[in-house]
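Letter by letter, the chains look like this.
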Amino acid sequence: MNIAENLQQVLNELPAGVRLVAVSKFHPNEAIEEAYRAGQRVFGESKVQEMTAKYESLPKDIEWHFIGHLQTNKIKFIVPYVSLIHGIDSYKLLVEVNKQAGKAGKIVNCLLQLHIAEEETKFGFSFDECREMLAAGEWKSLSNIQLCGLMGMATNTGNDEQIEKEFCSLSSFFKEVKDSWFADTPAFWELSMGMSHDYHQAIDAGSTLIRVGSKIFGDRIY
Ligand SMILES: *Cc1c(COP(=O)(O)O)cnc(C)c1O
């Protein structure tokens, strides 16, 4: 497993305007350091404790993205340093992030997670729930969060057509939301979609942030 080579392979395929989040969850600091030496600065983690331990022991110019399911009682641990929270899946969570960010005197960047997969286990708003939340308008008074875009995960399937359909549905929903609520918000431009097995399709459908783990770091040991 040559992390620097794997990383370079993925980077070589990225069109302008698409960034890579190297998903380092369950991999040790040494693996991150290897990618860091090869120039990678954006890393994604899905457990608060693990990400915080890595943040504390690794170079401070790393951008940490939280891509997991966030529990409200743990928000305070990541607010001081997190660059982007990908998985906001309820209004309540957004309110909590805003509260903790306010206490820390920060503005925290967030993505709303949409449920686009057929699997029931994946978190996220339905399109209608998200529309309702945005239309209700209360989010506009949350001054310590910045909504930067949307995130989603396609069904884990070998059916390419289905994956394409799911990514395209999220991409057109992004356009709807951008036009309706964020036309004058340049910061709202991220569409986080695409993992090791489906990032090519995600890029074709308009992804701006792909989250790739095993293709770079190898299989995870749980
Ligand atoms: C683990 C994870 C990834 C990376 O998955 P790979 O298949 O290893 O590329 C991407 N996004 C989320 C939300 C994840 O939990």
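Our subject is the structure that appears above.
Now for a quick tour of the structure.

Calculation rules
Residues numbered from 1 in each chain as written. Predicted model: local features only at pLDDT ≥ 70, side-chain atom pairs only at ≥ 80, totals over all residues. Heavy atoms only, no water. Helix = DSSP H or I, 4+ residues; strand = E, 2+ residues; numbered from the N terminus. Rg over C-alpha atoms; globule rule 2.2 N^0.38 Å. Buried < 20%, exposed > 50% of the residue type's maximum accessible area, 1.4 Å probe, protein only. Contact = heavy atoms within 4.5 Å. Areas by Shrake-Rupley, 256 points an atom, 1.4 Å probe, with all protein chains shown as cover. Lys, Arg positive; Asp, Glu negative; His and termini not counted. Charge placed at Lys NZ, Arg CZ, Asp CG, Glu CD. Axes fitted to C-alpha atoms, helices over the stretch in contact; angles between N-to-C directions. Parallel < 35°, antiparallel > 145°, perpendicular 65-115°, else oblique. Left-handed = near helix turned anticlockwise from the far one by under 90°. Nonpolar A, V, L, I, M, F, W, Y, C, P; charged D, E, K, R; others polar. Pairing = 2+ DSSP bridges. Right-handed = clockwise from strand over helix to strand, strands pointing away. Patch = residues over 30% accessible without salt bridge, like charges linked within 9 Å, V, L, I, M, F, W, Y side chains within 5 Å. Salt bridge = Lys/Arg side-chain N within 4 Å of Asp/Glu carboxyl O. Expected span 1.5 Å × (residues − 1).

**A few points about the overall build of the chain**
Of regular secondary structure, the chain possesses nine helices and eight strands. Relative to its length of 222 residues, the chain is compact, with a C-alpha radius of gyration of 17 Å against a globular reference of 17 Å. C-alpha atoms of the chain, sized along the principal axes, occupy 50 × 45 × 30 Å. Out of the 222 residues belonging to the chain, those deemed buried represent 50%. In the chain, of all internal contacts separated by at least 6 residues, the share reaching a separation of at least 24 is 59%. With an accessible surface of roughly 10400 Å², the chain has 49% of that area assigned to carbon and sulfur atoms. Across the chain, the 22 positively charged side chains and the 30 negatively charged ones have centroids separated by 7 Å.

**Considerations on the environment of Cys110**
Turning to its location among the elements, Cys110 is positioned in strand S5 (residues 108–114). Sequence-wise, Cys110 and Leu147 are 37 residues apart; in three dimensions their C-alpha atoms are separated by 5.0 Å. For Cys110, the residues in contact, after removing those within four places along its chain, are Leu84, Ile85, Ile88, Leu94, Val97, Ile145, Gln146, Leu147, Cys148 and Gly149.

**Quick look at the packing of helix H1 (residues 3–12) against helix H2 (residues 29–37)**
In the contact formed by H1 and H2, the axes pass within 9 Å of each other and the chain directions differ by 55°. Looking at the two axes, H1 sits oblique to H2. Crossing hand, H1 versus H2: right-handed. On H2, the residues that touch Ile3, Ala4 and Leu7 of H1 are Ala31, Glu34 and Ala35. Its residues placed into classes, the contact of H1 with H2 shows five nonpolar, no polar and one charged.

**With respect to the pairing of strand S3 (residues 63–66)**
Here strand S2 (residues 42–45) runs beside S3; their pairing, made up of four bridges, is parallel. Directly across from Val42, in S3, lies its bridge partner Glu63. In this fold, S2 hands off to helix H3 (residues 48–57), which returns the chain to S3; that crossover is right-handed. Inspection of the sheet shows S3 paired to strand S4 (residues 84–88) by two bridges, in the parallel sense. Bridge pairing in S4 places His65 opposite Leu84.

**Notes on a negative patch on the surface**
Taken together, the side chains of Asp160, Glu161, Glu164 and Asp204 define an acidic patch exposed on the protein surface. With three residues, the top contributor of residues to the negative patch is helix H7 (residues 160–181). With respect to the secondary-structure elements, Asp204 resides in helix H8 (residues 199–204).

**A closer look at helix H5 (residues 91–103)**
With 13 residues, H5 ought to run about 18 Å at 1.5 Å a step, and its terminal C-alpha atoms sit 19 Å apart, in line with that. For H5, the complete set of buried residues consists of Leu93, Leu94, Val97, Asn98, Gln100 and Ala101. Turning to H5, the residues buried within the fold contact helix H4 (75–78), S4, S5 and strand S6 (145–152). Immediately downstream of H5, the backbone of Gly105 shows phi near 65°, a positive value.

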